Amino acid sequence: MSKVFCEKPFNHNYIHTNGKMRLCCTTIQDIPTDNNYNLFDASKHTIDEYWNSNRMKEIRRKMIAGEKIRDCERCYRQEEQGVESLRSTQGMKNYIMDTLPDGTHQKSADTMQIQLGNICNLKCKMCSQMYSHMHGLETLEIGRQDPDWLHWVKEHGANVNNWTNELGVKQEWYKNKETKLKIFEHISKNIKHLNVIGGEPTLIPEFYELFDYCDKQGTLGGKSVTLVTNLTNTNPRLTQWLPKLKDWTIWASVDGVGIRTEYIRYPSKWDKIQESLEFYRSILGDNGNITLSPAIQLLNIDQLDDIIKWWIQWCGGELNQKYGFTWLATVWYPLICNPNMAPREWRLQVAEKLSKYKFDENYENIIKQLRRDHHTPEKYRELQTAFIKYNDKQDQFRNVKKTWRQLLPDLEQSIIKEIK
């Protein structure tokens, strides 16, 4: 199998939170227009305009020729570390057959991920302004109290906070009536598999308008929809549309059990999360599924086995077609949230704890990664010092029930020992 080919440039549309178009959710490069000066933007351009643009055709030509694509660097890096990536070669032969020598793909994509802006009610530890306007507003407010800290956050970039645009700004590219209609039409006519992400989609009216539009067009029944949600909000209106879909899946963004997930996904409430899970379970029917999708990170890696055990128990004792588990949300950035930046002593202790439980190959790979050293001693000290500075300031501002130091006392002791 090819080590560079991926089906995404041949069958997938992706719109980022700011309306820019990319290959998929893993890439960080926006697709440039043919003048190589502007970027394709859903508020200004149609899906058809970008689909066979010069850059998209170039990407397809290179993939078919076996050349690496800079947009796909994250997947290559994950695979080199033994971690499953989103890259897929399924259907490779047929995709190549449907592609002209210049890279033009003769069919429209039938899968799509649409990120409806950055409107969100949470300020998750591993998140940033890119995916939560509330996170950005909080960072700005802390900065008003401590300008030096805000400057430090900006300077450290992907180390501590993936700050990508003006803080506090709401990304609502879909608000334009003409833009919205074109997107709805495209999804209704072409897309069979749709992933909806935010922000938090259940807070965005256009999310429900999309369902209503497809329902009225008579296309809802042919679609498979995945909804990624933090489970802090449910809407009874979903009971009108979910049963009509070919199938639907809730990707439940739960990062711990009890107070741990409340800390990571601040200011969520464990009781509300459980209530929302029960809501979706009550309407599963024959076409519904619920998949747990934790963001595996430094703040929850020590209880990863406990998260899995809790989930299997909630599912009734086993995972099956109705209840699943995915590893696709391992946190790589910001780096202070990546599990592998912790002191070696602590990582080995956690690996030993996790190794007593058996789950699957991806679980075993995470344990293997904990046992490896990934940075130089100097880089470890830099990241660990930044971890303390960032989280102490944030915890103090939020006045949380329990700080990271109280939740993870062994990690605190290990880091302090390491950076002395």
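Parameters and conventions
Residue numbers here run from 1 along each chain, matching the order of that chain's written sequence. Residues qualify for local features only when their pLDDT is at least 70, as the model is predicted, and side-chain atom pairs are given and counted only at 80 or more; totals for whole chains, interfaces and linings, by contrast, use all residues. Calculation of side-chain values draws on the structure's entire complement of heavy atoms; hydrogens and water are dropped beforehand. Helix and strand assignments come from DSSP, with helices taken as H or I runs of at least 4 residues and strands as E runs of at least 2, each series counted from the N terminus. For the radius of gyration, the atoms used are the C-alpha atoms, and the globule rule reads 2.2 Å times the number of residues raised to 0.38. Relative accessibility decides the category of a residue: with a 1.4 Å probe and only protein chains considered, values under 20% of the type maximum give buried, values over 50% give exposed, and everything between is partly exposed. Here a residue-residue contact requires only that any non-hydrogen atoms of the pair lie within 4.5 Å. Exposure was quantified through the Shrake-Rupley algorithm and a 1.4 Å probe, taking into account, for residues, occlusion by the shown protein chains and nothing else. Convention adopted: a line fitted to C-alpha atoms gives each axis, helices being fitted over their contacting stretch, and angles between N-to-C directions are expressed from 0 to 180 degrees. Throughout this description, any angle smaller than 35 degrees is read as roughly parallel, any larger than 145 degrees as roughly antiparallel, any in the 65 to 115 degree range as roughly perpendicular, and the remainder as oblique. In a left-handed crossing the near helix is turned counterclockwise from the far helix by less than a right angle, and in a right-handed crossing that turn is clockwise. The nonpolar class holds Ala, Val, Leu, Ile, Met, Phe, Trp, Tyr, Cys and Pro. Asp, Glu, Lys and Arg form the charged class, and all remaining residues, Gly among them, are polar. Remark: nonpolar core denotes a set of buried residues (Ala, Val, Leu, Ile, Met, Phe, Trp, Tyr, Cys) joined through side-chain atoms within 4.5 Å. How far a helix is expected to stretch is found by multiplying one less than its residue total by 1.5 Å. In protein, a polar contact requires one atom able to donate a hydrogen and another able to accept it; more generally it is a pair of N or O atoms within 3.5 Å, and residues adjacent in sequence count only if both atoms are side-chain atoms. Should DSSP find at least two bridges between two strands, the strands are taken to pair.

1. Focus: the overall build of the protein
Next, step 1: The number of helices and strands found in the protein is 18 helices and eight strands.
Next, step 2: In summary, the protein has a C-alpha radius of gyration of 22 Å against a globular reference of 22 Å for 420 residues, a match within 12%.
Next, step 3: Counting only C-alpha atoms and orienting by the principal axes, one finds that the protein spans roughly 60 × 45 × 45 Å.
Next, step 4: Split into buried and exposed, the 420 residues of the protein put 57% on the buried side.
Next, step 5: Restricting the contact set of the protein to residue pairs at least 6 apart, pairs at least 24 apart contribute 72%.
Next, step 6: Total accessible area on the protein stands at roughly 18600 Å², and carbon and sulfur atoms take up 48% of it.

2. Looking at the packing of helix 14 (residues 344-355) against helix 15 (residues 361-370)
Next, step 1: Packing of helix 14 against helix 15 leaves a shortest axis separation of 8 Å and a crossing angle of 155°. On the basis of their axis angle, the class for helix 14 and helix 15 is roughly antiparallel. Regarding helix 14 and helix 15, the two cross each other, and that crossing is left-handed. Listed contacts from helix 15 to Arg 347, Val 350, Ala 351, Leu 354 and Ser 355 of helix 14 are Tyr 363, Ile 367 and Leu 370.
Next, step 2: Tallied by class, the residues present in the contact of helix 14 with helix 15 amount to six nonpolar, one polar and one charged.

3. As for the nonpolar core
Next, step 1: If you look at the biggest cluster of nonpolar residues, it comprises 115 residues, and the most contacted ones within it are Tyr 280 and Phe 387.
Next, step 2: In terms of residues, this core owes the most to one element, helix 13 (residues 304-314), which gives seven residues.
Next, step 3: Once you skip the residues sitting within four places of it in the chain, Phe 387 turns out to touch Leu 298, Leu 299, Ile 336, Met 341, Trp 404, Leu 411 and Ile 415.

4. Remarks on helix 8 (residues 177-190)
Next, step 1: Its 14 residues place the ends of helix 8 20 Å apart at the C-alpha level, agreeing with the 20 Å of an ideal helix rising 1.5 Å per residue.
Next, step 2: Residues of helix 8 that are buried include every one of Thr 179, Lys 180, Ile 183, Phe 184, His 186, Ile 187 and Ser 188, and no others.
Next, step 3: In the core, the buried residues of helix 8 are packed alongside strand 1 (12-15), helix 2 (47-51), strand 3 (111-115), strand 4 (193-197) and helix 9 (205-217).
Next, step 4: Of the residues that open helix 8, the one with a side-chain oxygen 3.0 Å from the backbone nitrogen of Glu 178 is Asn 176.

5. Some words on helix 12 (residues 270-282)
Next, step 1: Its 13 residues give helix 12 an end-to-end C-alpha distance of 19 Å, which sits within 8% of 18 Å, the value for a rise of 1.5 Å per residue.
Next, step 2: Buried within helix 12 are the following residues: Trp 270, Ile 273, Ser 276, Leu 277, Phe 279 and Tyr 280.
Next, step 3: In this fold, the buried residues of helix 12 make contact with strand 5 (224-229), helix 10 (238-241), strand 6 (247-252), helix 11 (259-264), strand 7 (288-292) and helix 13.

6. Describing the pairing of strand 6
Next, step 1: Judged from the six bridges that link them, strand 5 and strand 6 form a sheet pairing that is parallel. Across the sheet, the residue bridging to Thr 229 is Ala 252, located in strand 6.
Next, step 2: Strand direction decides the pairing type here: strand 6 and strand 7, joined by five bridges, are parallel. Bridge pairing links Trp 248 to Gly 288 in strand 7.

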